[in-house]
Amino acid sequence: MAVLTREERPVADRPPPAPRRNYSKWARRAPLLPALIFLIIVTQLPFVATLVISFMKWNSLDPTSRGFAGFDNYVNVFTDPDLRSSVVNTIVLTASVVLISLVLGLGLALLLDKKFAGRGFVRTMLIAPFLVVPVAAALIWKHVLYNPEYGLFNGILSWLGFEAQPDWISNMPMSAVVLSLVWQWTPFMMLILLAGLQSKPIEPVEAATIDGASSFQIFRYLTFPHLRQYLELGGLLGSIYIVQNFDAVFTITSGGLGTANLPYMIYQTFYQAHEYGEASAAGVIVVAGSIIIATFALRTVSSLFKEEKR
């Protein structure tokens, strides 16, 4: 009886091929493993430690009373009047900066989308505030602009003939912080929206112009709907960073005059009150909020990429 080779057997009678390992995939991923391990050590392990400490009663000034506290620290975060106020300040600060920066960024993006002499220089100068170190930017606003004795704002008022020399930080503390952050984050919003404008298809605009549509109608029915996802992306990314802002509040007002946000209260609770458990609980809340915002940002980014593929 003749014995058939594997190739001569019917397909149904052939034994399944031996599984082969895909070494090429691991060869591509192997160089990334050190970076992944480093990222886990630097970010995830400290967060796990913070999460554990957030369930502990831990005051460094009283080491004998250390122990498990359950959800007491989280209850204190939401019931403490100062911490509640800092949560409200964080929401107000983030919403104000994001909305004003988006509006100004949209106006600047529409301006830079037009061709004019010196557009490259103007674009570079408008981007410059975003490149300034946050602490340096806050110091500029505090001493160069807001100072009641030698600040630029009061100098302009004197030049215009006004005798009043207001103390800007004392009179409008929250607005002072908001303005400094708006100045720094408007270029970021402008860049995102400018990228959206330059990716806009030109054919519908040309057709609308031929049909007699005005500039406002083109913006209202063509440009603005196209920019919707870019506006969402800018707002979400800006919120992720501004909700964690510490530099401006610490530098300009030192958390006083009702401007303390949640990151500043975490600093104050940890370094001044030495309440490690409560500070860790507040930090976990900030991280959770940032993750929620980042999730929406990633979905917006993925939807933009899907539209580009179509």
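Residues numbered from 1 in each chain as written. Predicted model: local features only at pLDDT ≥ 70, side-chain atom pairs only at ≥ 80, totals over all residues. Heavy atoms only, no water.

1. Overview of the packing of aromatic side chains
Scanning the model with the defined rule gives 20 aromatic pairs in all. Look at W185 and F188: their rings are 5.4 Å apart centre to centre, the planes differ by 80°, and that puts the pair in the edge-to-face class. Of this pair, W185 and F188 are both found in helix 9 (residues 173-198), 3 residues apart, which corresponds to roughly one turn of the helix. Accessibility assignment for this pair places W185 and F188 in one class, buried. Judged by centre distance (4.4 Å) and plane angle (20°), the ring pair of F270 and Y276 falls under stacked. Accessibility expressed as a relative area gives 29% for F270, which makes it partly exposed. An aromatic cluster is defined as three or more aromatic residues linked by ring pairs; in this entry it consists of W141, Y146, F153, W168 and W183. Positioned above the aromatic ring of Y221, the side-chain terminus of R220 is 5.1 Å from the ring centre. (Phe/Tyr/Trp six-rings, centres within 6.5 Å; stacked < 30°, edge-to-face > 60°. Helix = DSSP H or I, 4+ residues; strand = E, 2+ residues; numbered from the N terminus. Buried < 20%, exposed > 50% of the residue type's maximum accessible area, 1.4 Å probe, protein only. Lys NZ or Arg CZ within 6 Å of the ring centre and 35° of its normal.)

2. Examining the UniProt feature "transmembrane region" (unreviewed entry) in the chain
Mapped onto the present numbering, the UniProt feature "transmembrane region" (unreviewed entry) falls on residues 30-56, 91-112, 124-144, 176-197, 248-267 and 279-301. Between the first and last C-alpha atoms of residues 124-144 the distance is 22 Å; the span itself is 90% helix and 0% strand. (UniProt positions renumbered as here; feature names shortened; annotations may be inferred.)

3. Observations concerning the environment of T259
By the secondary structure assignment, T259 is in the loop between helix 12 (247-253) and helix 13 (262-271). Its relative accessible area of 1% is what places T259 among the buried residues. For the pair formed by T259 and T90, sequence separation is 169 residues and the distance between their alpha carbons is 8.7 Å. Discounting chain neighbours no more than four positions away, the residues touching T259 are N89, P173, M174, V249 and T253. A polar contact is formed between the side chain of T259 and the side chain of T253, at a distance of 2.6 Å. (Contact = heavy atoms within 4.5 Å. Polar contact = N/O pair within 3.5 Å; in protein donor to acceptor, adjacent residues only side chain to side chain.)

4. A closer look at the pattern of salt bridges
For the structure on display, the rule yields 1 salt bridge. Across the salt bridge formed by R228 and E232, the nearest N and O atoms sit 2.8 Å from each other. Of this pair, R228 and E232 both sit in helix 11 (residues 215-242), 4 residues apart, which is roughly one turn of the helix. For R228, a relative accessible area of 45% puts it in the partly exposed group. Since its relative accessible area comes to 33%, E232 is described here as partly exposed. (Salt bridge = Lys/Arg side-chain N within 4 Å of Asp/Glu carboxyl O.)

5. Some remarks on unusual backbone geometry
The backbone phi angle of S254 is positive, close to 55°, even though this residue is not glycine. With respect to the helices and strands, S254 occurs in the loop between helix 12 and helix 13. The residue L257 is not glycine, and still its phi comes out positive at about 60°. Within the secondary structure, L257 sits in the loop between helix 12 and helix 13. On the basis of relative accessible area, L257 is assigned to the exposed category, the value being 53%.

6. Some details on the nonpolar core
Of all hydrophobic cores here, the largest spans 48 residues; its most connected members are L93, V97, A109, V177, V178, L181 and L193. Elements supplying a minimum of two residues to this core: helix 3 (72-79), helix 4 (81-112), helix 6 (134-145), helix 9, helix 11, helix 12, helix 13 and helix 14 (276-309). The element contributing the most residues to this core is helix 9, with 14 residues. Once residues lying within four places of it in the same chain are set aside, the contact partners of A109 are M190, L193, L194 and L197. (Core = buried A, V, L, I, M, F, W, Y, C linked by side-chain atoms within 4.5 Å.)

7. Some thoughts on a nonpolar patch on the surface
Together, L33, L36, I37, F38, L39, I40, I41, V42 and L45 line one region of the surface with nonpolar side chains, adding up to about 850 Å² of accessible area. For I40, the location among the structural elements is in helix 2 (residues 33-53). (Patch = residues over 30% accessible without salt bridge, like charges linked within 9 Å, V, L, I, M, F, W, Y side chains within 5 Å. Areas by Shrake-Rupley, 256 points an atom, 1.4 Å probe, with all protein chains shown as cover.)

8. As for empty space enclosed by the protein
Taken as a whole and assessed by the stated rule, the structure comprises 1 cavity of 30 Å³ or more. Around the largest cavity sit P134, A137, A138, S180, L181, Q184, N245, D247 and A248, which together line it. Mapped by element, the contributors of at least two residues to the lining of the largest cavity are helix 6, helix 9 and helix 12. Per-class residue counts for the lining of the largest cavity are 5 nonpolar, 3 polar and 1 charged. (1 Å grid on protein atoms, 1.4 Å probe; cavity = no way out; pocket = protein on both sides within 12 Å on 5 of 7 lines; lining within 4 Å. Points joined across faces, edges and corners; volume = space filled by probe spheres on them. Nonpolar A, V, L, I, M, F, W, Y, C, P; charged D, E, K, R; others polar.)

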